[in-house]
Amino acid sequence: MPEGHTLHRLAQSINEHFAGQVVEVSSPQGRFVESANLVDGTGLVDAQAWGKHLFIGFEAHRWIHVHLGLYGTFDVHTGPPAPSVGQVRLRLVSPSRKGPDGAALTVSSTSYADLRGATTCDMITDSQRAAVIARLGPDPLRADSDPDRVWARISRSRAPIGALLMDQTVLAGVGNVYRAELLFRHRLHPLRPGSTLRRGQVGAMWQDLVELMRAGVSTGRVDTVREEHTPEAMGREPRRDDHGGEVYVYRRLGQPCHVCGSKVRTEVLAGRNLFWCPKCQPKFRSRAAAQ
Ligand SMILES: [Zn+2]
């Protein structure tokens, strides 16, 4: 599933290609036709990402709310639109200014974007958008986020930290890759209850996420290994995986940990495969239990 960095990257790309322009909006597949007609030929104001949600704002306070879910894609292309192939729910084409006789004006650059397979593609109002955002926890990629809210939720919960990180009401934008990698980098066992973490640990994880996810926005990949664990530094082969990026544990089941050599393990937690190193991320024992 695309994680927050993908959505922020997508928002940037939509803004570069469409913001401030009159945009043609259509639904070649047919499922979004009535909504598309409401904003077709109006100005696209800006696109914003909040966690894994994307909001594309148009004039007259109309928003298209997109959640890609597990299988959705939203691809931005330069050049005139190709004939739509497959189930294109939403298509944006820019610019679409018409000449006085109704003919399209000649423009030097055209872009289009196709949305397919998304879980959510809805036309919503300002207040509906505010309601979606109100249900989300702070997003590490938004400068206006308050990490104290994350601490308040984690410190009050007996749920495993591995589940809390995936809960979008605790923290918005983290998915399966960042979850596994963050826990590894902070040497935390995924089943450790949130309430046993110290404030400094949660603060350090937040800061780390801010830096890792910002790097993900600029490169489009999730790279989480420290300088000393890169393929070059370790003299190992780069990782081959369609998700790309150099990681410690994600989808490395049975392979040796880059730090200690133990075999990476996996288990299902919060509905998704979680990967961790049993040695670097030892089981947490509370003081009471150890006595
Ligand atoms: Zn290890």
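Scroll up a little and you will see the structure.
Residues numbered from 1 in each chain as written. Predicted model: local features only at pLDDT ≥ 70, side-chain atom pairs only at ≥ 80, totals over all residues. Heavy atoms only, no water.

Student: Help me understand the packing of aromatic side chains in this model?
Tutor: Each aromatic ring pair is summarised here by two numbers: the centre-to-centre distance and the angle between the ring planes. Here the structure, examined in full by the defined rule, presents two aromatic pairs. Judged by centre distance (4.5 Å) and plane angle (20 degrees), the ring pair of Phe-184 and Tyr-248 falls under stacked. Residue Phe-184 is located in helix α6 (residues 176–185), and its partner Tyr-248 is located in the loop between α8 (231–234) and β9 (265–269); the two are separated by 64 residues in the primary sequence. For the pair Phe-184 and Tyr-248, one class covers both residues: buried. Between Tyr-250 and Phe-275, the aromatic rings sit 5.7 Å apart at their centres with planes inclined by 80 degrees, giving edge-to-face as the arrangement. Highlighted residues: Tyr-250 in the loop between α8 and β9 and Phe-275 in strand β10 (residues 272–276), separated in sequence by 25 residues. A residue is classified by how much of its surface remains accessible, and Phe-275, at 7% relative accessible area, is buried. Over the ring of Trp-63 we find Arg-129; its NZ or CZ atom is 4.3 Å from the centre of that ring. (Phe/Tyr/Trp six-rings, centres within 6.5 Å; stacked < 30°, edge-to-face > 60°. Helix = DSSP H or I, 4+ residues; strand = E, 2+ residues; numbered from the N terminus. Buried < 20%, exposed > 50% of the residue type's maximum accessible area, 1.4 Å probe, protein only. Lys NZ or Arg CZ within 6 Å of the ring centre and 35° of its normal.)

Student: I would appreciate a short explanation of the coordination of the zinc ion in the present structure.
Tutor: By definition of the ideal shapes, a tetrahedral metal site with four donors has angles of 109.5 degrees and an octahedral site with six donors has angles of 90 or 180 degrees. Every protein donor of the zinc ion is listed here as Cys-257 (SG), Cys-260 (SG), Cys-277 (SG) and Cys-280 (SG), and their distances to the metal cover 2.3 to 2.4 Å. Each of the four donor atoms bound to the zinc ion contributes to angles spanning 99 to 114 degrees, and the resulting shape is tetrahedral. All donors of the zinc ion belong to a single chain; written as a sequence motif, their spacing is C-x2-C-x16-C-x2-C. Residue Cys-260 is found in the loop between α8 and β9, and its partner Cys-280 is found in the loop between β10 and α9 (287–290); the two are separated by 20 residues along the sequence. Accessibility expressed as a relative area gives 3% for Cys-280, which makes it buried. (Donors = N, O, S within 2.8 Å, 3.2 Å for Na, K, Ca; no water. Tetrahedral: all angles 85-135°; square planar, octahedral: opposite > 155°, others 65-115°.)

Student: Can you help me understand the pattern of salt bridges in this one?
Tutor: A side chain of one charge can pair with a side chain of the opposite charge if their charged atoms are brought near each other. Scanning the entire structure with this criterion turns up 10 salt bridges. Salt-bridge contacts for Asp-223 lead to Arg-221; the nearest nitrogen and oxygen are separated by 2.7 Å. Among the ionic pairs, Glu-237 bridges to Arg-240, the shortest N-O distance being 3.6 Å. (Salt bridge = Lys/Arg side-chain N within 4 Å of Asp/Glu carboxyl O.)

Student: What am I meant to see in the packing of helix α1 (residues 4–18) against helix α7 (residues 199–219) here?
Tutor: In contact at an axis separation of 8 Å, α1 and α7 are set at 45 degrees when each is read in the N-to-C sense. On the basis of their axis angle, the class for α1 and α7 is oblique. In this structure, the crossing between α1 and α7 has a hand that is right-handed. For the pair α1 and α7, contact is made by Gly-4, His-5, His-8, Arg-9 and Gln-12 and by Met-213, Gly-216, Val-217, Ser-218 and Thr-219, respectively. Here the contact of α1 with α7 is built from residues that sort into two nonpolar, seven polar and one charged. (Axes fitted to C-alpha atoms, helices over the stretch in contact; angles between N-to-C directions. Parallel < 35°, antiparallel > 145°, perpendicular 65-115°, else oblique. Left-handed = near helix turned anticlockwise from the far one by under 90°. Contact = heavy atoms within 4.5 Å. Nonpolar A, V, L, I, M, F, W, Y, C, P; charged D, E, K, R; others polar.)

Student: So what exactly am I meant to see when it comes to unusual backbone geometry here?
Tutor: Backbone phi values are negative for most residues with the exception of glycine, while trans is the configuration of most peptide bonds. Although it is not a glycine, Arg-187 adopts a positive phi angle of roughly 50 degrees. Considering the arrangement of structural elements, one finds Arg-187 in the loop between α6 and α7.

Student: Is there a simple way to explain the pairing of strand β8 (residues 120–124) in this structure?
Tutor: Successive residues of a regular strand alternate their side chains across the two faces of the sheet. Within β8, four of the five residues are buried, which leaves the element mostly enclosed by the surrounding structure. Both strand β4 (residues 62–67) and β8 contribute to a ladder of five bridges, which runs antiparallel. Within β8, the residue paired with His-65 across the bridge is Asp-122. (Pairing = 2+ DSSP bridges.)

Student: Mind showing me how you'd approach the nonpolar core here?
Tutor: Soluble globular proteins tend to bury their nonpolar side chains together. One finds Ile-154, Ile-161, Leu-165, Leu-171 and Val-249 to be the most contacted residues of the largest nonpolar core, which totals 40 residues. Residue assignment for this core shows that the elements contributing at least two residues are α4 (147–155), α5 (161–164), α6, α7 and β10. Per-element accounting of this core gives the leading share, eight residues, to α7. If near-sequence neighbours (up to four positions away) are discounted, Val-249 is found in contact with Ala-180, Glu-181, Phe-184, Val-264, Phe-275, Trp-276, Cys-277 and Gln-281. Of all hydrophobic cores here, the second largest spans 27 residues; its members include Phe-18, Leu-44, Leu-54 and Leu-90. (Core = buried A, V, L, I, M, F, W, Y, C linked by side-chain atoms within 4.5 Å.)

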